Structures are given as C-alpha cells and as structure tokens.
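Below, each chain spelled out in residue letters.
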Amino acid sequence: MPSITDLPALVARLRPEQRARFERIFDVELAPGQCVIPETMRQWAIDRFGSVDEVEHQHVARIFNIVTWDGALINPLRARRLPKLPREPFVLAEADDIFAHPLETTAADSFGRVRGRHGITTGNVARWDGLHAVLIFDQPDPLAFTRDHLRDYFETALVWANKAHQADPEARYFFWMWNGGLAGGASIKHAHAQMALGRGRHYAKIERLRRAALAYAGQHGANYFDDLYAAHADIGLAFEAGGLRAFEYLAALRGKDTWIIGEAINTQLADALHDTLRGLLDRAGMRAFDVGLYVPPLWPGALGDGAEDWRGFPVIARIVGRNHLAESSDIGAGDLFAMSVIPDDPFVVKEVIVNSDS
C-alpha cells in the first residue's frame, strides 16, 4: 500500500493526460525535516514513535489545491504522538439531558416542528442564521446510528427546509451539519444535527467552491468535480460508497477528510454517508467527527443577468475526523492562519474504509 510520502512518485508515473489533470488541480512536494535526538531522548523516541531514525529523518507532504487554494501539511508521524484510546461507552443521565424531553425543554420554530421517525426539530435559541434549527435524534449516542436513522435525518431536514422556505421564500440556500460528539464541536452531548436556510447568497465556503469550479470549467473546459474525483482515483485515493463516488481529499481540512459526491439529498446519499462513517468509526479509529452537506440552492432564484450558475455542482457530503482527547485540541493557529496540519495518511484511511479486514 502506498503512503503519502509516495505521492510525488505516484504522480510521476501517471499517463501524460492523467498527470496533466492532476497537476492542474494539485501542487505537491515533500519537505524533508531533520533533527538530532540526544542520547537521553532515544528510548522515549522509540517508545513514542517507533524508531529514532523516523524522527530524525521526516518528510512532510505539502499539498496545495491551486483551484480552490485549500492546503494541507501531512505528516503521519504526528499521529503517533497521541495514545490510542478505546471507545468509551456512551453515558448520559436523563437528569443531565436537556434534549431528553424536547417538547418541554426546547423552543419551536415559528412555523412549528417536524417529527420524523427518529428525531424531532427545534428552533435554535442561539442562532447562527435567521432560519436555524436543531434536529434532535431519539438515539442520544452520537456513534449509534443505522442506515434508517440517516435516511430519516435527511428526510426530516428536507421537510423542515420546505417549511422554512414557505415562511421566507427568499431563503433558499440549505446547509445541513452534524457535529458527532463533544470533540466534534457539539455543546450538548445528546446527538443532534443542525439545519439552516440562508438568504441572499450561499454560505461563504460553498460559494467560494462554486466560483472556483466555474473558473476551472471556463479555463479547462471540464467539470471541476469530475476532474477532482478522477485525480484522486488515478493515484488510488478514490472508492465507491453506496454506489456513489468518494475519495480521501488530499488538501484536507482535518484528518480523514472524506468526500462523497451525489446528486441529491436522498436515500442513496444517506446510505453512502452511513457506510463511510461506520468504516471510519469501526475500523479507522475515529471517535468524533463533523459532517457537512454542500448543496446547490433548493429553489431557483430570480432570473436575469445576475443569476447564479450552479451547473455541474453536485451534492457533496463531507466528513472530517476530530480529535477525541479531552485534554488537547486538534486545531491551532497554523490550521487557522496558514495551512491545515494533518496527522492522518489518506492512503491508510482509504484502505481501512473499503477493507473490512483492515
């Protein structure tokens, strides 16, 4: 199995047309990193990282997406700094669970709630957009979910979106997100997702991606998302999830940055998301995660010279893993102000997702 340090060699061996496609999206280099371990640290280095030589002679993959200007600094040696913790049983006393009885302890949207088979919506009392709701799962454990759960979460969210759009017809930009566990960013332990419906323009990172994809199509005469998938497939980072295209993203935002490309928020996408999350949780050691859906506007806007062009923009389910160690954070100033610092080798993550024997 290749590793991230093999990436330049893998790209060099591609056929000319494959290499040209890869290099019009990604710029890759290996940066050598050398240090000298004193005798007093040698045993510690062996115990923590496996060998002194691997510490003294490191290689960091510097990956730039030159279409969107995402960037990642990937060094799998960094993952060995952290202990491997077992999955702890989920414990939440009802007395501490504000979502245990949502009709009594949560607010409703002005247009009411939506009750699904496995959850119920509530209007967020501290909103990050005007139309912003929480979908409280009946199952409080964020790591205990089935295909039927994911299907229902999507269906319930879309019913909420329709009600929100009826209440405000100018709101048409849908976003669905799930912070899986406290280390994923959830402030309440009971499992829940969130939905929002924006006005005026899409959320900034989705709009930036749309504009970059349009510029790419104009320059190269090709769909950016098709080429992005193909570039990952050419080097062995793509796989199939529920019949949909998926890949481990090179210019990762966080570790285990996984994209699933679909056509709609539907059963197929829900199943693909379920299967991929279960692979990451059950076999790749992930304990907390974030999921976001990139979705074109659910309703058309006003026509005219200023109409947005969403042609060729798919529905994307994006997953990133989060650090589940309570005493540390997985994000710092470098991630915020320079480039993402990633400890996971995407080649290893991809193999673990697709191989149940890993």
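In this text the structure is predicted, and so the values were computed from the model without any measurement. (Residues numbered from 1 in each chain as written. Predicted model: local features only at pLDDT ≥ 70, side-chain atom pairs only at ≥ 80, totals over all residues. Heavy atoms only, no water.)

Caption draft 1: Region of interest: the packing of aromatic side chains. Throughout the structure, instances matching the rule amount to 22 aromatic pairs. On the basis of an interplanar angle of 50° and a centroid distance of 6.0 Å, the ring pair of Phe175 and Tyr203 is categorised as tilted. Of this pair, Phe175 sits in strand β6 (residues 171-180) while Tyr203 sits in the loop between β7 (192-199) and α7 (204-220), and the two are 28 residues apart along the sequence. Residue class for Phe175 comes out buried when judged on its relative accessible area of 17%. Measuring from ring centre to ring centre gives 5.4 Å for Tyr216 and Tyr224, while their planes differ by 70°; the resulting arrangement is edge-to-face. The burial state of Tyr216 is the same as that of Tyr224; both residues are buried. Just above the ring of Trp310 sits the side chain of Arg210; from NZ or CZ to the centre is 5.2 Å. The lysine or arginine in question, Arg278, covers the ring of Phe145, its NZ or CZ lying 4.5 Å from the ring centre. (Phe/Tyr/Trp six-rings, centres within 6.5 Å; stacked < 30°, edge-to-face > 60°. Helix = DSSP H or I, 4+ residues; strand = E, 2+ residues; numbered from the N terminus. Buried < 20%, exposed > 50% of the residue type's maximum accessible area, 1.4 Å probe, protein only. Lys NZ or Arg CZ within 6 Å of the ring centre and 35° of its normal.)

Caption draft 2: The arrangement of the sheet that holds β6 in detail. Strand order in the open sheet formed by nine strands is β4-β5-β7-β6-β11-β12-β10-β9-β8, with antiparallel pairing between adjacent strands. Edge positions in the sheet fall to β4 (119-123) and β8 (238-241), since each of these pairs with one other strand and no more. This sheet shows a mean twist of 20° between the axes of neighbouring strands, independent of strand direction. Looking at chain direction, strand β11 (residues 288-294) and strand β12 (residues 315-322) are connected through seven bridges and run antiparallel. Bridging across to β12, Gly292 finds its partner in Arg318. In this fold helix α6 (residues 147-167) packs onto β4, β5 (132-137), β6, β7 and β11, with an angle of close to 145° to the strand it touches most, β6. (Pairing = 2+ DSSP bridges. Axes fitted to C-alpha atoms, helices over the stretch in contact; angles between N-to-C directions. Contact = heavy atoms within 4.5 Å.)

Caption draft 3: The sheet that holds strand β13 (residues 340-342), seen in detail. If you walk across this open sheet you meet the four strands as β1-β2-β3-β13, and the pairing is mixed. Sheet topology places β1 (26-34) and β13 at the edges, where each strand pairs with a single neighbour. Across the sheet, the mean angle from the axis of one strand to that of its neighbour is 20°, orientation sign disregarded. Taken together, the nine bridges between β1 and strand β2 (residues 57-65) define a ladder with antiparallel strand orientation. For Glu29, the partnering residue across the bridge sits in β2 and is Arg62.

Caption draft 4: Representation of unusual backbone geometry. Phi at Trp69 takes a positive value of approximately 60°, unusual for a residue other than glycine. Of the residues examined, Trp69 reaches a relative accessible area of 59% and is grouped as exposed. Of note, the phi angle at Lys256 is positive, near 60°, even though the residue is not glycine. By the secondary structure assignment, Lys256 is in the loop between β9 (244-248) and β10 (258-262).

Caption draft 5: Geometry of the side chain of Asp152. Note that Asp152 resides in helix α6. Sequence-distant contacts of Asp152, defined by excluding residues within four places in its chain, comprise Gly116, Arg117, His118 and Gly119.

Caption draft 6: Quick look at the pairing of β9. Across the five residues that make up β9, a large majority, four, are buried. Sheet topology places β8 next to β9; four bridges connect them, and they run antiparallel. When the sheet's bridge partners are listed, Glu240 is paired in β9 with Arg245. Hairpin connection of β8 to β9: two residues between the antiparallel strands, including Gly242 at a positive phi of 60°. The pairing of β9 with β10 spans four bridges and is antiparallel. Looking at the pairing, Arg245 lines up with Ile261 of β10.

Caption draft 7: Here's a closer look at the packing of α6 against helix α9 (residues 267-282). Following both chains from N to C, one finds α6 and α9 inclined at 135°, their axes separated by 8 Å at the closest point. Taken together, the axes of α6 and α9 lie oblique to each other. Two packed elements cross with a definite hand, and for α6 against α9 that hand is right-handed. Residues Arg147, Leu150, Arg151 and Phe154 of α6 touch α9, and the partners they reach there are Thr267, Leu269, Ala270, Asp271, Leu273, His274 and Asp275. Residues belonging to the contact of α6 with α9 are distributed by class as follows: five nonpolar, two polar and four charged. (Parallel < 35°, antiparallel > 145°, perpendicular 65-115°, else oblique. Left-handed = near helix turned anticlockwise from the far one by under 90°. Nonpolar A, V, L, I, M, F, W, Y, C, P; charged D, E, K, R; others polar.)

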